[in-house]
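Listed below, chain by chain, are the residues.
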Amino acid sequence: MKNPYVLLLFTTIFYSGNLLVGKPVSNEIPPLTLTLFRFIIAFFVVLPLGFKEWRNNPALWKKEWKPLLALSLTGLVFFNVLVYLSLNYTTPVNAAIVESSNTDICALIRIYLV
């Protein structure tokens, strides 16, 4: 896919859809199970896109596996578990406000810590 704006559009749709679908589903399915299902689906969707990159740079992947694992656990697993847990106590709109403020908070932390 040559147009990055299309990918950004899909990212926005998937993130917002995650909250809308997660609210009613999180009451029926535990957050860890829901995160596992989401991860499995995303893995099989992204696998064809990333497999070529993985084969082209095996040394890089072997060298950087620890940071990639840490980012995967915190960004994919822990974050989604916490989002689904929070949807048990608030509305998708409130969760979206908090989720969208993450980049601002990270930027402020980086400014003050560096």
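The structure we're discussing is the one just above.
In short, a report on the structure. Keep in mind the model is a prediction, meaning the values are calculated, not measured. (Residues numbered from 1 in each chain as written. Predicted model: local features only at pLDDT ≥ 70, side-chain atom pairs only at ≥ 80, totals over all residues. Heavy atoms only, no water.)

On to the overall build of the protein. Of regular secondary structure, the protein possesses six helices and zero strands. Secondary structure elements in the protein, listed N-terminal to C-terminal, are α-α-α-α-α-α. Projected onto the principal axes, the alpha-carbon positions of the protein cover approximately 45 × 40 × 30 Å. Long-range contacts, defined as pairs at least 24 residues apart, comprise 75% of the intrachain contacts of the protein with a sequence gap of at least 6. Side chains of the protein carry 9 positive and 5 negative charges; the gap between the two charge centres is 12 Å. (Helix = DSSP H or I, 4+ residues; strand = E, 2+ residues; numbered from the N terminus. Contact = heavy atoms within 4.5 Å. Lys, Arg positive; Asp, Glu negative; His and termini not counted. Charge placed at Lys NZ, Arg CZ, Asp CG, Glu CD.)

This paragraph deals with helix H1 (residues 4–26). End to end, H1 covers 32 Å across 23 residues, agreeing with the expected 33 Å (1.5 Å per residue, within 8%). Turning to H1, its buried residues number three or more, namely Asn 18, Leu 19, Gly 22 and Ser 26. Here the buried face of H1 lies against helix H2 (31–56), helix H4 (65–86) and helix H5 (92–100). For H1, the capping residue at the N-terminal end is Asn 3, with a side-chain oxygen 3.1 Å from the backbone nitrogen of Tyr 5. (Expected span 1.5 Å × (residues − 1). Buried < 20%, exposed > 50% of the residue type's maximum accessible area, 1.4 Å probe, protein only. Polar contact = N/O pair within 3.5 Å; in protein donor to acceptor, adjacent residues only side chain to side chain.)

Examined against the element boundaries, Ser 26 turns out to sit in helix H1. Among all residues touching Ser 26, those that are not within four sequence positions of it are Leu 34, Tyr 84, Leu 87 and Asn 88.

Moving on, we come to the nonpolar core. Side chains of nonpolar character tend, in soluble globular proteins, to be buried together. The biggest cluster of nonpolar side chains holds six residues, and these are Leu 19, Leu 34, Val 83, Tyr 84, Leu 87 and Ala 95. Setting aside chain neighbours within four positions, we find Tyr 84 in contact with Asn 18, Gly 22, Ser 26, Pro 31, Leu 34, Thr 35 and Arg 38. (Core = buried A, V, L, I, M, F, W, Y, C linked by side-chain atoms within 4.5 Å.)

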